[in-house]
Amino acid sequence: MASREITDKYFSSYFKYKEGILHCESVPVTNIKSWLEKCGITTSSPVFVYSKTQIVENVEAYQNALQKLGRPTMLNYAMKANMNPTLMSIMKDQGCSVTLVSGLELKLAIQLGFKPENLLLNGNGKQNWEIELAVRNDCMLNIDSLFNLKQTINVARNLKTRARVLLRVNPDIDPKVHEYICTGSKETKFGINEEDLDKILADIKEEPLIHLIGLHCHIGSTITDINVFRESAIVIYNFYKRLKADGYKHLNVINLGGGLGINYKQHAAKTSRPDFSHVDTDHVTCIPSPAEVISVIDDVFGDDNVSLILEPGRSLIGNSGILVCTVLGVKHGHSQNYIVVDGAMTEVIRPALYDAYHHIDLAEPSNHRNKDVYNIVGPVCESGDFLGKDRYLSTPHEGCSLVVFDVGAYCSSMGSNYNMRVHPAEVLINGRNIDVIRRPDTLDDILTPYTPVNTL
Ligand SMILES: *Cc1c(COP(=O)(O)O)cnc(C)c1O
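Residues numbered from 1 in each chain as written. Predicted model: local features only at pLDDT ≥ 70, side-chain atom pairs only at ≥ 80, totals over all residues. Heavy atoms only, no water.

A. Layout of the site of the ligand. Near the ligand there are 14 residues, and of these Lys 80, Ser 221, Gly 259, Arg 314 and Tyr 410 occur at the shortest range. Between the ligand and the protein, one listed contact pairs an oxygen atom with a backbone N or O atom of Gly 313 at 2.9 Å. Contact between the ligand and Tyr 410: an oxygen atom at 2.6 Å from a side-chain N or O atom of the residue. Summarising the interface, the protein chains cover 95% of the accessible area of the ligand, which totals 390 Å² for the free molecule. Across the shell around the ligand, the residue classes break down as three nonpolar, seven polar and four charged. (Near = heavy atom within 4 Å. Polar contact = N/O pair within 3.5 Å; in protein donor to acceptor, adjacent residues only side chain to side chain. Areas by Shrake-Rupley, 256 points an atom, 1.4 Å probe, with all protein chains shown as cover. Nonpolar A, V, L, I, M, F, W, Y, C, P; charged D, E, K, R; others polar.)

Below is the structure:
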């Protein structure tokens, strides 16, 4: 109980039921399908619906806490969480920079007007053209391995241009999350191996075009234990002091990555709707707020005027989006009941990929009276295509709107056209206002790259 109160103090949700109908800000989500159709968009379901106010408040939660620190700070949105340009522009207007994981992400961030020198290109497998693009634009790069340092030195020498780099180190701390999103322990593919560290440091010292400006770590995602941030800050800061003493004169930044979790069960905990009783409330975890995480890190750095970069993805955008689907039908099977909807793993892959929980509920009262335990599944030809399992829900009528909550991060951006499915429309709600911020794919969008190419 206490944990729910703590979370709610920091994040108010802009997705709320009024008289049985789910609203995003002031818009009933059940109106969006017909509104899209009136705009001439016939592929109107499923649809991603984002709350602008929610995004603005999420960013403020970080920015307000960072601005109170007596040190230089930077909030870098990890754009792989969601690259919708309109959503990124909202964050830019609030003073965010961006952390990138590919050359095209870098190009888009520059096109959107983010300051190149504040961008950071991260990656354990960067191609030379990506490194070149970053160095030409004076972006920061992280160095993930000995070969990555060699690549970067070659590029800097060819371009006769300095490269500003951060070393990605592994503090070897267990973030206690799903193994696919654990990135900071010794066994992962990310970060510099201990055996290579001395060689890397020596090579950097000898190369005037490589400016070691900082240290970087990112230990995992969906972290809920604040001690994980404290412990990694301690390890990185100790290493930072050692390098400072060793005379790396450009060194002045610590980047502690992203990784803060969000409460995927917040709607389960709040709603008075029926499947609340089936949610394992022990796992409605107490998630630290951005202010708490920032304060813990600031304590570790003490009086040292080291700059702090944070690069959250999920906790800036995750709770700002829902997927509104339409129920196609209900199957009562032998041992299993199914609600079949028009949304699928092609829009929300996290349940299939990590067995992740996304809260699911009807967006409107159902015509039926009975309730049952259902698996909510899509039309994709994979048995792994499910959105939720064992949910106690009112039996929906055909055409009923059903909502998958907290899909703002790692859903649209991880989407695919598998089964030649259409990437759905995305809309942004601001008060009563609705904007289409991505139209759905057309057949032509999908087929254009298959146009024959003139070959030699
Ligand atoms: C993905 C990623 C992040 C963001 O992680 P979240 O869990 O979404 O906050 C931050 N930094 C790096 C280097 C990443 O790869």
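Past the structure itself, the notes keep going.
B. Region of the structure containing the sheet that holds strand 1 (residues 15–18). Read across the sheet, three strands follow the order 1-2-3 without closing on themselves; strand pairing throughout is antiparallel. If you trace the sheet from one side to the other, it starts and ends with strand 1 and strand 3 (27–28), each paired once. As paired strands, strand 1 and strand 2 (residues 21–24) are joined by four bridges and run antiparallel to one another. Each residue of the ladder has a partner; that of Lys 18, found in strand 2, is Ile 21. (Pairing = 2+ DSSP bridges. Helix = DSSP H or I, 4+ residues; strand = E, 2+ residues; numbered from the N terminus.)

C. How the structure looks around the packing of aromatic side chains. Per the counting criterion, the structure on display carries three aromatic pairs. For the ring pair Phe 48 and Tyr 50, a centre distance of 6.3 Å and an interplane angle of 15 degrees mean the geometry is stacked. There is no split in this pair, since Phe 48 and Tyr 50 are both buried. The interplanar angle of 45 degrees and the centroid separation of 5.4 Å between the aromatic rings of Tyr 237 and Phe 301 together place this pair among those described as tilted. Highlighted residues: Tyr 237 in helix 9 (residues 226–245) and Phe 301 in helix 11 (residues 290–301), separated in sequence by 64 residues. Comparing Tyr 237 with Phe 301 shows no difference in burial state: the two are buried. Following the ring pairs from residue to residue traces out a cluster consisting of Tyr 237, Tyr 240 and Phe 301. Over the ring of Tyr 357 we find Lys 265, and its NZ or CZ is 4.7 Å from the ring centre. (Phe/Tyr/Trp six-rings, centres within 6.5 Å; stacked < 30°, edge-to-face > 60°. Buried < 20%, exposed > 50% of the residue type's maximum accessible area, 1.4 Å probe, protein only. Lys NZ or Arg CZ within 6 Å of the ring centre and 35° of its normal.)

D. Looking closely at helix 9. Taking 1.5 Å per residue, 20 residues should reach 28 Å; helix 9 reaches 29 Å between its end C-alpha atoms and fits that length. For helix 9, the complete set of buried residues consists of Val 228, Phe 229, Ser 232, Ala 233, Ile 236, Tyr 237, Phe 239, Tyr 240 and Leu 243. Residues of helix 9 that are buried make contact with helix 8 (194–206), strand 10 (210–216), strand 11 (253–255) and helix 11. Its side-chain oxygen at 2.9 Å from the backbone nitrogen of Asn 227, Asp 225 defines the N-terminal cap of helix 9. Looking one or two places after helix 9, you find Gly 247, whose phi comes out positive at around 95 degrees. (Expected span 1.5 Å × (residues − 1). Contact = heavy atoms within 4.5 Å.)

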